Each structure stands twice: as structure tokens, then as C-alpha cells.
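# Descriptive analysis of the structure
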Amino acid sequence: MRLRYAVATAAAATGMLATVTAAPAQAAEYTSELKVKGIQYDAPGTDDNRCIGGNTKNEYLTIKNYSSRTTVNLRGYLVVDAAGNRYTFTANHYLGPGDYVNLRGGRGTESDSGNVAYRQNCNFMWNNDKDTIYLIKPSRARADVHTYTKRDNDRDGNGYITYHG
Ligand SMILES: [Ca+2]
Ligand SMILES: [Ca+2]
């Protein structure tokens, strides 16, 4: 019985994530303080996923607090790509109004003063041709979602796309 309960719970959790990531809603505007400011989805140079000497750290997502008065803790927020790869912010990370964090690939130390967090994974997360970025609240509600293709959304071809100014 206990095992059956655990399996059911896991299935429910999986279903919830599937619901969250099912249909990209590009046009939707979310009433979220935190949004995706932009993404360096294609790190400059040739992709090299070695932890030392590679360039995964130069692939990053910028999450910014667009509220004028509310401080938001990033803890429990989730970032997911189109393939279901995910990263969860597990440490407290308080973003005041206008504050931001760059979520970089590779390994490093999360730092509020340096506005940086690391996925602690040296593999690239964001596809260089096309992908979808899901920023999910701890409640599993969507905070922000963007789908891109290199051809349509990165006209100058520098690997960076701006979403919110
Ligand atoms: Ca990439
Ligand atoms: Ca660009």
C-alpha cells in the first residue's frame, strides 16, 4: 500500500510538470514579478562542455525582478527547457526590485552580490537552433515562457535574445 501510494504521488508530480510544460504560450503575459530578461542561448565560440577549459559558463539565462516594490526569493523556482531538462533554485536568493541573476552553465558558487547562479552541470542546456524557456514558480504556476529559433528571434546572430528590457 505504501509503495502504491508513492508511485501514485510520483505519477501525479510528473503529470503536473507535463501540464506545466505541455503547450508553449508565447503570446501570454504572466503577472509575475520575475521574468526572463534575456538569454545567451548560444555561448560565443564553439561549444565545449569540459568543466575546465570549456565555455558552458558563457551560456546563461537572465532572470530579473520587474516589480517596483516586491522582493522575491528565487528558492523553489524552476527553469525547464523544451526537452524537460530542468534546474531548481535550491538556495535562498532574494531579488529586490530591479535585481537580477544570471543562471549560468558549469560549476561555481551562487552569489547574490555577483548576481550569479550556476547549474552545476557542464553540459549545455539551451539548444543553439531552437528551444523553449519555462520559468516556473514554486507553486508550479508559470512565471514566464518563451520559445525561440535562431533564425526568427536572433536576427543579428550573436547568440543572445532579449525578451524583457
Ligand atoms: Ca546553447
Ligand atoms: Ca541577438
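This structure is a prediction, so every number in the text was calculated from the model and none was measured. (Residues numbered from 1 in each chain as written. Chains lettered and ligands numbered in written order. Predicted model: local features only at pLDDT ≥ 70, side-chain atom pairs only at ≥ 80, totals over all residues.)

A few words now on the overall build of the protein chain. Broken down by element type, the protein chain carries two helices and eleven strands. Order of helices (α) and strands (β) in the protein chain, N terminus to C terminus: α-β-β-β-β-β-β-β-β-β-β-α-β. Taken across its 165 residues, the protein chain has 25% of its residues classed as buried. Taking the intrachain contacts of the protein chain between residues at least 6 apart in sequence as the baseline, contacts between residues at least 24 apart amount to 61%. (Helix = DSSP H or I, 4+ residues; strand = E, 2+ residues; numbered from the N terminus. Buried ≥ 20, exposed ≤ 12 C-beta atoms within 10 Å, placed from the backbone. Contact = placed C-beta atoms within 7 Å.)

Judged by nonpolar contacts, the single largest core of 28 residues is most densely connected at L61 and L135. Listing elements by their share of this core, those giving two or more residues are β1 (34–40), β2 (60–65), β4 (78–80), β7 (100–104), β8 (116–118), β9 (130–136) and β10 (142–149). Tallying contributions element by element places β9 first for this core, with four residues. (Core = buried A, V, L, I, M, F, W, Y, C linked by C-beta atoms within 7 Å.)

This brings us to the pairing of β1. Summarising the sheet, β1 and β2 pair through six bridges and their orientation is antiparallel. Paired with I39 across the bridge in β2 is L61. Pairing analysis gives three bridges linking β1 to strand β11 (residues 160–162), with the strands arranged antiparallel. The residue of β11 that forms the bridge with Q40 is Y160. (Pairing = 2+ DSSP bridges.)

One open sheet holds the four strands; their spatial order is β5-β4-β9-β10, and the pairing between them is antiparallel. The open sheet has two free edges, formed respectively by β5 (86–88) and β10, since each of these has just one partner strand. Taking the axes of each pair of neighbouring strands and ignoring which way they run, one obtains an average angle of 10 degrees across the sheet. Note: β4 against β5, three bridges, orientation antiparallel. By the bridge assignment, V80 is partnered in β5 with R86. (Axes fitted to C-alpha atoms, helices over the stretch in contact; angles between N-to-C directions.)

Attention shifts here to unusual backbone geometry. Positive phi values are uncommon outside glycine, yet Q120 reaches one of about 60 degrees. Examined against the element boundaries, Q120 turns out to sit in the loop between β8 and β9. Owing to 14 C-beta atoms within 10 Å, Q120 belongs among the partly exposed residues under this scheme. With phi around 80 degrees, R140 is a residue other than glycine that occupies positive phi space. Counting through the fold element by element, R140 comes out in the loop between β9 and β10.

In short, shape yes, function no, at least from these values alone.
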